[in-house]
Structures are given as C-alpha cells and as structure tokens.
Amino acid sequence: MPEAIEVEAVISPRTEDGIEVDEPKKKADFTPSHGLTTAEADELRVQWGKNELEEKSKPKWLVFVELLYGPMPCVIWVAFIIEMSLHNWLDGGILFAIQMINAVLGWYETIKAADAVAALKASLKPTATVKRDGVWANADATMLVPGDLVLLGAGSAIPADCLVNEGRIEVDQSALTGESMPVTMYKGDSAKMGSTVTRGEVEATVEFTGKHTFFGKTATMLQAADGIGHLAQILLRIMIVLVSISVMLCVAILIFLIVYGKEEFATALEFVVVVLVASVPIAIEVVCTATLALGSRQLSAHGAIVTRLASIEEMAGMNMLCSDKTGTLTLNKMVIQDDCPIYTPGVTKNDVLTAAALAAKWKEPPRDALDTLVLQNSGLDLSKLNVYEQLEFLPFDPTVKRTEGTLKGPDGKVFKTTKGAPHIILKLVQVDAEDISKRVHWKVHELGLRGIRSLAVARTDDEGKWRMLGILTFLDPPRPDTKDTIEKAMEYGVDVKMITGDHAVIAKETARALGLGANIQEAGGLPSMEADGKIPKDLGKKYGAMIIAADGFAQVFPEHKYLIVEALRQEGFAVGMTGDGVNDAPALKRADVGIAVSGATDAARAAADMVLTQEGLSVIVHAIEVSRAIFARMKNFINYRTACTLQLVCFFFVAVFALEPKKFRPDDDLAPDFFKMPVLMLILITVLNDGTLISVAYDHVVPSRQPEKWNLKVLWVISAVLASIAMLSSILLLWAAIDSGNPAGVFQRWGLPLIHYDQIITMMYLKVSVSDFLTLFSARTHSGFFWSMRPSPILLGAATLALGLSTIIACLWPGSRPDGIPTRGLALDEHYTLWALWVWIYCIVWWLIQDTCKVAAYWVMARLNLFQINTAKLVNMRAAQTFSDKPLARASAGLVETKLMELKVDKAIDSVGRMARAPGADSTASTNMRRISADLVVMRNAARLTRNSMRNLRVQQSAGGAAGGDVEAGAGNAEQEAARMHQSIAQMEAAIAAALPEARPELQATLDGLKAAAARLEAVQQVVRTEDAAGDKKEKELRRASL
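Just so we're clear, the structure is a prediction, and the values are computed from it rather than from any experiment. (Residues numbered from 1 in each chain as written. Predicted model: local features only at pLDDT ≥ 70, side-chain atom pairs only at ≥ 80, totals over all residues. Heavy atoms only, no water.)

Participant: Help me out: how do you make sense of the overall build of the protein chain in this one?
Facilitator: For the protein chain, the count of helices and strands is 33 helices and 25 strands. Put simply, the protein chain has 1043 residues, and 56% of those count as buried. For the protein chain, the accessible area works out to roughly 42,800 Å², and carbon and sulfur atoms hold 59% of it. (Helix = DSSP H or I, 4+ residues; strand = E, 2+ residues; numbered from the N terminus. Buried < 20%, exposed > 50% of the residue type's maximum accessible area, 1.4 Å probe, protein only. Areas by Shrake-Rupley, 256 points an atom, 1.4 Å probe, with all protein chains shown as cover.)

Right under this line is the structure:
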C-alpha cells in the first residue's frame, strides 16, 4: 500500500500514491554572501550582464522601412520612378503620397499593440531588496549580479536564481513546474527566478542571473526565428497573382501600342503605368491591418491585449487549443473539498475542521500553506474557537511532519488535536487502530489515484487516547467558468488539450472534472530534442497520431510542451497555447496563437501573441468570436478587391485591343487612337473607394461556427465572376458611348444625345467608381443576395460619402487635359446634364445582374461541392480541404464533435437528474426522467463508438489491413450508431412532451444543444462516408486497370 501524500512540504525525492514529488536542488557547500560593494557589483555585471532575458526587438524605424518594400510597394515605386522620369510631377507626387500613407498607417497600427504590452511590462517592473555597501535598499532587479545578498520575504518575487543562506521559506513554484503546493526550502536550497515566496523570510545569495537562470536555458527555443505569418502568406500569394496578371497584361498592352499603335515609347509607357497603378490593390494591406487593429481594440476592451495583429487571423482558424493546467484551467489555489471521510461516530466535517484549526495558531496569521487552507479557505468561523485555551503548540517540523495543539475546552477538560500526513497520524491512533488503518490506507489510495490530496486530523479522548476523526480532502479545483468555456470552444470547432507539468493522477482528475477525457499521456512517450538542440524533422509523422488521440499530457517539461505544439503544427493544425509560467514560454512562442493568461510571468507575456488581463479562459471564447468576425470582414474585402483589380485591368486590356475611339469618331479631334484615363482619376478611385473601405472593419458579419480557413479556389472563382460582369458592363458602356453619334447606335435608339469624348472619360470614371463600390455589397453576402445581410451604418455612411463625392467630381470636373487627355464634367454640357443619373441607373441594373450571377455561381459550387465549398470546414485541419489530404486529417474526423456530444450528454444527464429530484415531481414525471437518463447513457456510448468507427476505418485501410468489405462494415457501424443517437433524441422529445410544464424549458434547451451537436457529428460522418466511397471506387478502378 503506498504511503500518503506529503502535503506539508516537498523536501525529498519520493513517489507517494502514484504522485512523484521532486526535491529542490540543494547546495550545502556554498559560501553565503554578506553583500557586495557597488564597485564589485559593477565589475560582475560586466562579466555576467544584466539580470534580464535578451529579447529580440525590432527598431520602430526598421518596422517602417520594411513596409516600403514588397510586391505592392515595389510596383508603386516603379510607377513613381517612371512618372518622375517623364516629368509628371503631380502624378509622381500623388503616388509618393499614397506610398507614405500606406506605410505610416501600417506602421502606426503595428507598433501600437507592441507599445501597449511594453507599458504593461513596465508597470510590473521587478524590484529586489539587496544589500550593497553594507546597506539594505530596494533596487531594480535587473541590476542584480551573482554574489549579491538579497532578502526573500513573503509575497515577494524571487528576482534571480538564489541559494537560501539560513532559515526556512515556502516558495510557490507553480509558474515553473505546474505544482500547486508551495515548496519548503532550507539552507542550500535553490529558489528559482520566477517563483514567489509565500511564507517566511530569509537572506539568500544570488547564484545565477539573466540568461544563466533556469529559464535562460530555454532561451534558444524562445529566440527561434519567426516565420512569415499565415495571413501574410495568404496576402502575398494573392498579391503575387494579381501583380503578375497586371504586369503580364500591361506588357501586352505596351507591345501592342508600340508595334501596332505606332505610339511613342514614352507615351505608351505612361499609359501602361497608369493601368498598372490602377489595377494594383494598393490599400489591401492597409485595410487588413486597420481591420485587425480594430479587432485588437475590441479584444482589449474585453481583457485581451494583442501583441501581434496577425495572430487575430490565426485565432480565427485555430482548431487546437493546448492549455496549461495550473492557474489557467484551475484556480492555482488549494480548496477543501466536500468529501470528508469520518472515522469516529457522531463527528461531522465541521468537527474535523475545528480540530484541524485547533492544531494551529488560529489567532495569528497562518504559518504555512496548510494553516492557510484550514484557517482562511475553509469557511470556518474562527471566532467560535475562542472558547478554547491553547496551552501548548507543536509547530510543523520536517522530522515530525505534523502540528499539534494542547487545549482546554469550555468544560475545563484538556485534550490534544493534531493534523498531518495520514500515514504519520495513523501511527498515533490507539482506538480501533488496525481497522482504522486499513480504511484510511484504502481511502488515501483511492484519493491518490484521483490526484486528491489528503490531510488527516486526530484528537485525544477523555482517556488521552488518540482517535482518528477524519480526513480533509483538497485539491486545486478548476475555475468556475472553465468547463463552460471548454464546451463553448468545442462548439466553435476547437479541440482542447491539457498540457501540464503536474502529476498524472492530478491531471486525470482535472480532465475528468472538465469533461476533457481520460486519455492523459505522460512524458515518457513524448518526443525530445535532438542532440544538437534542433527540432526533429519527422516529429509530426512519428508522434502526431498519439498526440491527436490524447486528451492531455502530464509531468511534461517546457521542451515537451514546445514539441507537442510543433508536432501539431507540422501536421497542419492551427494551434493555440495558453499558459502563465516560465515553463510555458517556449510553447507560447512556437504556437500559432500564444496566449498568456492573467497574472502571467514576464517571460510568458513576452512570448505570447495575446495577453489576457482578466482571469479564466472565457475571454478566449470571445476572442474566437471576434477573430472570426474579423476574418469574415477581411475575406469580404479581399474578395471585393481581387474582383475590382481583375475587372479594371481586364477592362483596359480589352478596351485598348477592341475599342479604338478614332475609328468610331474619325471627325472628332478629341478622340485618340486608344482609350485611356488620367492617372489622377484612377488615383481618386483608389483613394475614395479603398480609403473609405476601411469602414469594412465595422461591417455586420456572422462568425463561423467552425474554424476558418482560406479556400482560395472559391475566392478566385467568385472574384472572377464579379469581375467579368463588371468588366463586361464597362466595355459595353464605353462602346455605346463612343458610338453615340451612330444613328443606329444604342444611345440613339434609347433617345439619348451624342456625348462628347471629353465627357466619356468622366462617364467611365463615374461608372468604374460606382460599380467598384457596389461590387463590395455583392461580395460581402457570399451565397446570399446583397439584401440578405444589412450593412453596418458606418459602412453605409462610407459608401454614401465615397459615391457622393465621386458623383460630384464626375459632374463638376472642369474642362482640362490632365496627362494630355481631354476631360469635362457630365453636368457641364449646355444641352444635356443627366448623364450621371443614367450612369447610376446603368450601374444598378448591372449590379443586380452581377449579384444574381454570383448567387448562381455559389449555387453551382454548392450543388456539386466544387473545391469542397461545403465540406472543407468540416475537416478540422487548416492545411487540409479533405480527410485524405493529410495523414492525420482522417484521425481528426469527428474528434471535436464526439467530445462535444459527450459534454452535451453529461450536461443533459445533470439537468434530468435535477428535474427528477425536484420537489413536487410525481412518480410519472420521475419515471420519464429516468427513461431519458437511460437514453442519454445510450447516446453517449453511441457517440464514443461512432468516434472509434470513424477514426479507425481509414487508419486500417491506409495500413492495408482493411478490405472493401471491412470499409463497408465500418461505415455500417457508424451509421448504426448515428441511428441510435437519432432514436434517443426522438425518445427524449416524447418524454419532454410529457414532462411537467415548468421542467420543459430547461430540458428543451438541453435537447436543442444535443440535436445541434448530433447534426454536426452526422455532417462530418457523411463527408467521411462520401470520401471513403469515392476512394474505394478509385482503388477498384485502379485494380481493374492493372489487370
């Protein structure tokens, strides 16, 4: 039988009740410091450096410079150089201004978040009490050096790795190890930087500082080179394609004008530069940055400071959340549990608590963690203890391992009470010792298997014999909102895994309480760094399947957390990591989204992408909602901007090749050989439309219930449809306008007069401006018509402003020749002034056609599931569109959905149980509730079997161990389990209909949650079956072909 858990202190290496307890490293042969002089400290600082971790920081000027190069800025620089070489000073100046505005806006939004975190860090700047030149003083902890004499007192953070000189202190090392109980340290013990003194006061000698401390050993992992962010990769791919198309078409136009049009090189080049600048999505990065910045402000208002804006987009696609346990999922505070085994008849839990309190100095501040637990965290009314007189008190001693009080009660009788480790207290028991010993050992073993710590309490009777009163049980409990937060995260398609340095049994109990599952892996089966400190290249392939299947990991080191995150990333998952301690920092740095929770250490905050300022994980769910709304807005804008770029460059390309104004108007002196627009007009389109489109950051959107991923094929198809309709309408209008003098032309047949060529230019300016902005209202509603979701008032106001200004400019443009092109306002004609109205009517008609074509394109793709438009999000892996794209994609099938189903079933069982026990419930209602409970148990088992069937089927097939018949049998099993779930839901609906009226709302809400979870699971299952059938058919065809 294993011994009881040592709860008073961790002072020796041992394993008790399955829980391994580590000993702080002791160095008894060191020479305690008596303090340094300032000169000695300065000399040592030159040798050892400052007591701080080296952080890679980028100068603000460099951030600005980096925004001045890239695919988009380089195109503008080329255009600027060409314009200046042609002495077009105004156009060149405008291009330069746009370049600077883009860079300044991007720079401002980028550094603002970094400054917010820097301010937070500065407000928490560590200090230390150090003896210098024979005088004690508070000093900046970054100035400490090895050999300094420091004072470590209760409540103070340990400023560096220190060795205790003399005495005894209790240290909270949860930020380093994940262990909730404080560690007792004596002379020679090493107190690590990042820990906190909870009790006692000692002098200590600084051993290591800065990068030489315990945490400094993980610096290489923290300083790993940052790769390009996911959003930056997506934008880069889109911009490269757009710029490539623009450059290719512009080169074709340039060659055509020089060879066929006989234009001078300078004139042709000037026109091509105009087209290139007009077609490049100049503001795409600025609008995306502004949208992310607005999201960061929204998150800040809800308690999350964003340190890296791109992490908002990555959180939208996050499908795996790895969370530290201590202080993140739990309170990081020991709490006495309701379970209190009693071993003396007539004794209550309150009697056990009273006896435990009497074995302490209850009138004085608590002396250790257990006194704090009993006296302050138990809810005991200490004033009632004043009827007792404490005659003697035996404080805790590491050799005795218990405390004892001798007291005189109000009746004048003298007795003793004691509290301590159960196996220690059992040695004192004299009444029913053998029977009590067996019962206590069995109970402590049972509690130990669940990770629950125990504290035995005994008291002497009237004969002076020790009697075991009972056992107080306690553990670090989950936060009140953690279970609901995990359930909500799973509702958003995010799987949650617990990663902790704490003991396996404690981790399992925490996972059980939170509904995370019971498959907790220990460090022995986890990967490790290679000998040269590099990450294994086959990390994901070797360990990915095991990590996916696990619900959590225990007794891990910082290296393990880091490699778990890396393995998941290698296999294509978008990984979030939460933590608060130094041991979490490397993993926070490596994750796609590193989240430092409230109260995190400086190291964790420095490594994180988000810093929470409110306790608990509930803010993360809100962050997921906000990030997905931001993602939807960015996707809408990018879809719109891609369409506008394509329609503009294609319009000029077709117009140059197909429409020659001079051929239509040979007698018009204003008509040139080919159509072109002034640079100023094209830049006005960019400034007014893209500038006001920053308001898209405030648009109304519906956040996705599944992790977001970029389906670029769908984006290109829809952009092409939108662009082709807009381009076609522009070409037809231009053709009709330059042919307006033809009696058989469109304008003449509609009763419209001849429009002068200088007004055609302003007409096309207005048409492009209006159709561009209207395209956004089509792009933003995806598969629905433009009226299916109302725009935000801010976006509507921006559209009114931009389109109103464009209309006014087009109507009142003064007669002039910018870039040698004749231009005149549409309202400045003496005979006809309604051209602007007709342009608006024309644009709206074609907008309706454009929106209808977009809806039709979505319908066709959805009908045929082209590019996995319906099913891609059900594959819970960012790097996969189908379950066959990645080796572990199939293993992830239904992973979140089945866990969510089990959580919903557990919640339903609790709800049904309360209804069955409710006062006033008749026998019929209770019978119905019991029937529902039995159905729910069947449903939970069905969900688990479904998960196994879905996961194992393709694994066997890919390993060559499953024939076609096995595949069909496996699919049939999954279908059977799904049928059982539907049957259980139907039975619940019938039972709810017969339940008491007051019970129905809660039960119906529970049932609705179950039905939603079942529907999601069935959708995933259907995709798996479809892909399996297609794969099986393909394999049969290949076998037939080989024969």
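Next comes the rest of the write-up.
Participant: Just checking my understanding: could you explain the environment of L407 for this structure?
Facilitator: Mapping L407 onto the fold places it in strand β16 (residues 402–408). Residue L407 is classed as buried on the basis of its relative accessible area of 0%. In this structure the C-alpha to C-alpha distance between L407 and A359, which are 48 residues apart in sequence, comes to 9.0 Å. In this structure, L407 is in contact with L358, W362, Y388, E389, Q390, L391, K413, V414, F415 and T417, ignoring residues within four places of it in sequence. (Contact = heavy atoms within 4.5 Å.)

Participant: Looking at this structure, how should I read the pairing of strand β6 (residues 161–164)?
Facilitator: Side chains D161 and L163 of β6 all project onto a buried face; the interleaved residues C162 and V164 project onto the opposite face, where all are buried too. Where β6 meets strand β9 (residues 190–191), two bridges bridge the pair, whose relative direction is antiparallel. Paired with L163 across the bridge in β9 is S190. (Pairing = 2+ DSSP bridges.)

Participant: How do you make sense of the packing of helix α27 (residues 757–779) against helix α28 (residues 793–812) when you look at a structure like this?
Facilitator: If you want to describe how two helices pack, look at the angle between their axes and the distance between the axes. Where α27 contacts α28, the axes come no closer than 9 Å and their chain directions differ by 170°. One element, α27, and the other, α28, form an angle in the roughly antiparallel class. In contact with T762, Y765, L766, S769, V770, F773, L776 and F777 of α27, α28 contributes L795, L796, A798, A799, A802, L803, S806, T807, I809 and A810. Its residues assigned to classes, the contact of α27 with α28 comprises 14 nonpolar, four polar and no charged. (Axes fitted to C-alpha atoms, helices over the stretch in contact; angles between N-to-C directions. Parallel < 35°, antiparallel > 145°, perpendicular 65-115°, else oblique. Nonpolar A, V, L, I, M, F, W, Y, C, P; charged D, E, K, R; others polar.)

Participant: What is the right way to read the sheet that holds strand β21 (residues 520–522) from this model?
Facilitator: What links the strands of a sheet is backbone hydrogen bonding, and the strands pair in either a parallel or an antiparallel sense. Judged by pairing direction, the sheet is mixed, and its eight strands sit side by side in the order β12-β25-β24-β23-β13-β20-β22-β21 without closing on themselves. Edge positions in the sheet fall to β12 (304–306) and β21, since each has one partner strand and no second. Averaged over all adjacent pairs, the angle separating strand axes in this sheet is 20°, with direction ignored. Alignment of strand β24 (residues 593–596) against strand β25 (residues 610–612), held across two bridges, turns out to be parallel. By the bridge assignment for β25, I595 is matched with M610.

Participant: What exactly am I supposed to notice about the packing of aromatic side chains here?
Facilitator: The description of an aromatic ring pair uses the distance of the two centres, along with the angle that the planes make with each other. By the definition in use, this model includes 19 aromatic pairs. Judged by centre distance (5.9 Å) and plane angle (80°), the rings of Y388 and F415 are edge-to-face. Here Y388 is found in the loop between α13 (369–375) and β15 (389–394), whereas its partner F415 is found in strand β17 (residues 414–420), with 27 residues between them in sequence. For the pair formed by Y388 and F415, the shared burial category is buried. Geometrically, the ring pair formed by F786 and W847 is tilted, given 4.1 Å between the ring centres and 35° between the ring planes. Of the two residues, F786 is situated in the loop between α27 and α28 and W847 in helix α29 (residues 835–864); the sequence distance between them amounts to 61 residues. The class of F786 is partly exposed, set by a relative accessible area of 21%. Stacked on the ring of F415, the Lys or Arg R459 has its end atom at 3.8 Å from the ring centre. (Phe/Tyr/Trp six-rings, centres within 6.5 Å; stacked < 30°, edge-to-face > 60°. Lys NZ or Arg CZ within 6 Å of the ring centre and 35° of its normal.)

Participant: Looking at this model, I keep getting lost on helix α17 (residues 504–514). Mind explaining?
Facilitator: The buried fraction of α17 is high, at eight of 11 residues. Phi for G515, located one or two positions after α17, is positive at around 75°.

Participant: Honestly, the pattern of salt bridges in this entry has me stumped. Any pointers?
Facilitator: Pairs can form between side chains of opposite charge once their charged atoms are near each other. One pass over the full model with this rule turns up 39 salt bridges. A salt bridge links K443 to D339, with the nearest nitrogen and oxygen atoms 3.6 Å apart. Of this pair, K443 sits in helix α15 (residues 433–449) while D339 sits in the loop between β14 (335–336) and α12 (349–358), placing them 104 residues apart in sequence. Taking relative accessible area as the criterion, D339 reaches 32% and is therefore assigned partly exposed. Salt-bridge contacts for K907 lead to E487; the nearest nitrogen and oxygen are separated by 3.0 Å. (Salt bridge = Lys/Arg side-chain N within 4 Å of Asp/Glu carboxyl O.)

Participant: Even after reading the chapter, I still don't get the packing of helix α9 (residues 284–301) against helix α22 (residues 618–658), so can you show me in this structure?
Facilitator: At a minimum axis distance of 10 Å, the contact between α9 and α22 shows a crossing angle of 160°. Our classification of the angle between α9 and α22 gives roughly antiparallel. The two elements α9 and α22 cross, and the hand of that crossing is right-handed. Touching I284, V287, C288, T291, L292, G295, Q298 and L299 of α9 are H622, A623, V626, I630, R633, M634, F637 and I638, all from α22. Broken down by class, the residue content of the contact of α9 with α22 amounts to 11 nonpolar, four polar and one charged. (Left-handed = near helix turned anticlockwise from the far one by under 90°.)

Participant: Explain the sheet that holds β9 to me, please; I cannot follow it from the model alone.
Facilitator: Strand order in this open sheet of six strands is β4-β3-β5-β11-β6-β9, and the pairing throughout is antiparallel. Of all the strands in the sheet, the pair left with one neighbour each is β4 (135–140) and β9. Strand direction decides the pairing type here: strand β5 (residues 149–153) and strand β11 (residues 201–208), joined by five bridges, are antiparallel. When the bridges of β11 are listed, L151 appears paired with E203.

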